[in-house]
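# Residue-level structural notes
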Amino acid sequence: MTAACASSARAEGDSGLVLETGSPDALCPDLAQARAAVSRRLGALEVAGRRGFRARYTVGHAPEGSPRDFVRLELFDSEGARELIRDLPMNGESCSTMAEAIALVLDRHFRGLSPEESAVFGAGEATPEPARPAAKRAETPIASRAEAPSDVPQSQAPAPPPESSRADAFGTLLFAEFALAPSRPAAVGARLLTGLGQTFAIGGALLFDAGYERESLERGGEARAYGAELRTSLAWRLGNAPWFGTVGPSVALRLQRGETRELPEHSDQLRALWAGGLEAGGGLRVSRRFALSLSASALATVKPLSGHFYVSDAEVLTPNLLQVQVGLGAGYAF
């Protein structure tokens with residue numbers, strides 16, 4: 001088997017090497033960038049007696065283990081049989097470095113690599129095997145090449161990707177959220193969502209009132225309150241990447257400070273409101289790191305466990321029995 005270098009690479013056709021991506025929305029590395037790197041290293045590939053090689057790389061994410069992000073590179077012959085599979089870790093490397101790593105692995109497969117070229121992917125890579133004559137590599141059975149040791153040391157290889165594509169959409173997500181409810185002020189805060197195995201997810205939110213909850217008093221003046229809410233949930237996971245969804249029970253603790261205005265006597269009180277119910281949410285992984293979310297909840301106030309506000313022995317700002325809220329979020333995926 002021989003490989004000839006030329007000034008440009010073949011991107012498609014029935015001979016040579018076709019490079020494609022299984023992650024068209026993943027921009028690191030970009031397909032054009034990866035093709036250019038392969039062109040510089042391999043040129044136009046011509047293999048005696050064989051035509052139509054196809055290489056595909058896919059960006060992957062493992063919720064656990066290290067590294068968590070990797071690029072899976074596969075090489076197929078003209079019959080569709082896989083000759084090569086490699087997982088290349090993305091430990092902070094630039095997109096151009098990952099493109100060069102893809103070209104390096106393909107180059108090693110087709111014609112061997114001289115020792116000094118191993119610096120392309122950093123000192124952490126295993127020392128490459130000595131270059132062997134091209135004719136001898138051509139005689140090596142395909143099965144033997146597919147079972148060859150990985151270009152990445154076992155200690156650095158990423159954890160195997162999950163069987164379900166749902167895991168690709170989860171990981172850990174942190175959102176900035178804006179929430180609206182019919183009976184109280186808008187709120188702003190943060191929401192955290194993380195996968196718990198292949199079936200469940202746990203979440204939490206901390207929201208702060210962006211205004212006051214108000215009530216006019218019969219003898220003039222008003223009572224008003226503001227506060228913050230802490231919420232936690234355990235949910236079932238729904239959807240497939242890049243979409244994700246959750247639905248499950250939720251518990252909330254709301255802390256409020258209430259005070260009177262424009263009254264001869266000033267009142268300043270604190271109370272805690274407990275609520276429980278159902279929360280659902282969904283979203284879209286726009287890119288490998290950016291995501292959008294939509295959430296909705298219906299929580300019932302647990303009055304025996306909740307506090308009250310009183311003015312002249314009369315309760316004010318009585319909480320609604322059912323609290324409905326909708327939230328919009330934008331955030332970062334870890």
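Rules used in this analysis
- Residues numbered from 1 in each chain as written.
- Predicted model: local features only at pLDDT ≥ 70, side-chain atom pairs only at ≥ 80, totals over all residues.
- Heavy atoms only, no water.
- Helix = DSSP H or I, 4+ residues; strand = E, 2+ residues; numbered from the N terminus.
- Contact = heavy atoms within 4.5 Å.
- Areas by Shrake-Rupley, 256 points an atom, 1.4 Å probe, with all protein chains shown as cover.
- Pairing = 2+ DSSP bridges.
- Axes fitted to C-alpha atoms, helices over the stretch in contact; angles between N-to-C directions.
- 1 Å grid on protein atoms, 1.4 Å probe; cavity = no way out; pocket = protein on both sides within 12 Å on 5 of 7 lines; lining within 4 Å.
- Points joined across faces, edges and corners; volume = space filled by probe spheres on them.
- Core = buried A, V, L, I, M, F, W, Y, C linked by side-chain atoms within 4.5 Å.
- Buried < 20%, exposed > 50% of the residue type's maximum accessible area, 1.4 Å probe, protein only.
- Patch = residues over 30% accessible without salt bridge, like charges linked within 9 Å, V, L, I, M, F, W, Y side chains within 5 Å.
- Salt bridge = Lys/Arg side-chain N within 4 Å of Asp/Glu carboxyl O.
- Polar contact = N/O pair within 3.5 Å; in protein donor to acceptor, adjacent residues only side chain to side chain.
- Phe/Tyr/Trp six-rings, centres within 6.5 Å; stacked < 30°, edge-to-face > 60°.
- Lys NZ or Arg CZ within 6 Å of the ring centre and 35° of its normal.
- Parallel < 35°, antiparallel > 145°, perpendicular 65-115°, else oblique.
- Left-handed = near helix turned anticlockwise from the far one by under 90°.
- Nonpolar A, V, L, I, M, F, W, Y, C, P; charged D, E, K, R; others polar.

As a further point, take the overall build of the chain. When you go through the chain residue by residue, the secondary structure sums to four helices and 15 strands. In the chain, of all internal contacts separated by at least 6 residues, the share reaching a separation of at least 24 is 62%. With an accessible surface of roughly 16700 Å², the chain has 59% of that area assigned to carbon and sulfur atoms.

This part covers the sheet that holds strand 2 (residues 53–61). The mixed open sheet is built from four strands, whose spatial order is 1-2-3-4. Every other strand in the sheet has two partners, leaving strand 1 (17–21) and strand 4 (82–89) as the edge strands with one partner each. Neighbouring strand axes in the sheet, compared pairwise and without regard to direction, differ in orientation by 20° on average. Relative to strand 2, strand 1 runs parallel, the two being bridged by five bridges. Looking at the pairing, Thr21 lines up with Tyr57 of strand 2. Contacting strand 1 and strand 2, helix 1 (residues 31–42) runs over the sheet at an angle of about 155° to strand 1.

Counting across every chain of the model gives six cavities of 30 Å³ or more. When its volume is computed, the largest cavity comes out at roughly 180 Å³. Lining the largest cavity are 20 residues; nearest its centre among them are Arg191, Leu193, Thr246, Gly281 and Ser295. Elements that contribute at least two residues to the lining of the largest cavity include exactly strand 6 (184–196), strand 7 (200–209), strand 9 (222–238), strand 10 (243–261), strand 11 (268–285) and strand 12 (290–301). Looking at the lining of the largest cavity, the element that brings in the most residues is strand 10, giving five residues.

Ranked by internal contacts, the top residues of the largest apolar core, which has 25 residues, are Leu17, Val38, Tyr57, Val71, Leu75, Ile102 and Leu106. Breaking this core down by element, the ones donating at least two residues are strand 1, helix 1, strand 2, strand 3 (69–76), strand 4 and helix 2 (95–111). Looking at this core element by element, the count peaks at eight residues for helix 2. In terms of nonpolar packing, the next biggest core, distinct from the first, is built from eight residues, Leu217, Phe309, Val311 and Val316 among them.

Take a nonpolar patch on the surface next. A surface patch of nonpolar side chains, about 540 Å² in accessible area, is lined by Phe178, Leu180, Val188, Leu206, Phe208 and Leu230. Mapped onto the nonpolar patch, the elements with two or more residues apiece are strand 5 (172–181) and strand 7. If you trace the backbone, Phe178 turns up in strand 5. When its relative accessible area of 40% is taken as the criterion, Phe178 is described as partly exposed.

What follows deals with the pairing of strand 7. Side chains Ala201, Gly203, Ala205, Leu207 and Asp209 project from strand 7 onto a buried face, and the interleaved Phe200, Ile202, Gly204, Leu206 and Phe208 project onto a face without burial. Summarising the sheet, strand 6 and strand 7 pair through 10 bridges and their orientation is antiparallel. If you follow Leu193 over to strand 7, its bridge partner there is Gly203. Here strand 6 folds back onto strand 7, and the loop between the two strands holds three residues, one of which, Gly197, carries a positive phi near 75°. Taken together, the nine bridges between strand 7 and strand 9 define a ladder with antiparallel strand orientation. Residue pairing across strands places Ile202 opposite Leu234, the latter belonging to strand 9.

Let us look at the environment of Phe309. Assignment of secondary structure puts Phe309 in strand 13 (residues 309–311). Contact partners of Phe309, with chain neighbours within four places excluded, come to Ala225, Gln256, Arg257, Gly258, Gln269, Leu270, Arg271, Ala314, Glu315, Val316 and Leu317.

Moving on to the side chain of Gln325. Note that Gln325 resides in strand 15 (residues 322–333). Its relative accessible area of 6% is what places Gln325 among the buried residues. Among the polar contacts made by the side chain of Gln325, one reaches the side chain of Arg231 at a distance of 3.1 Å.

One pass over the full model with this rule turns up four aromatic pairs. Their ring planes at 25° and their centres at 6.5 Å tell us that Phe175 and Phe244 sit as a pair that is stacked. Residue Phe175 is located in strand 5, and its partner Phe244 is located in strand 10; the two are separated by 69 residues in the primary sequence. Taken individually, Phe175 and Phe244 each receive the classification buried, so the pair is uniform in this respect. Judged by centre distance (5.1 Å) and plane angle (80°), the rings of Tyr332 and Phe334 are edge-to-face. Across from the ring centre of Phe76, 4.6 Å away, lies the NZ or CZ of Arg54, which sits over that ring. Directly above the ring of Tyr212 sits Arg224, whose terminal nitrogen or CZ lies 3.9 Å from the centroid.

Turning to the packing of helix 1 against helix 2, a few remarks are in order. In contact at an axis separation of 8 Å, helix 1 and helix 2 are set at 40° when each is read in the N-to-C sense. With respect to helix 2, the axis of helix 1 lies oblique. The chirality of how helix 1 crosses helix 2 is right-handed. Contacts between helix 1 and helix 2 involve Gln33, Ala34, Ala37, Val38, Arg40, Arg41 and Leu42 from the former and Cys95, Ser96, Ala99, Glu100, Ala103, Leu104, Leu106, Asp107, Phe110 and Arg111 from the latter. Split by residue class, the contact of helix 1 with helix 2 holds 10 nonpolar, two polar and five charged.

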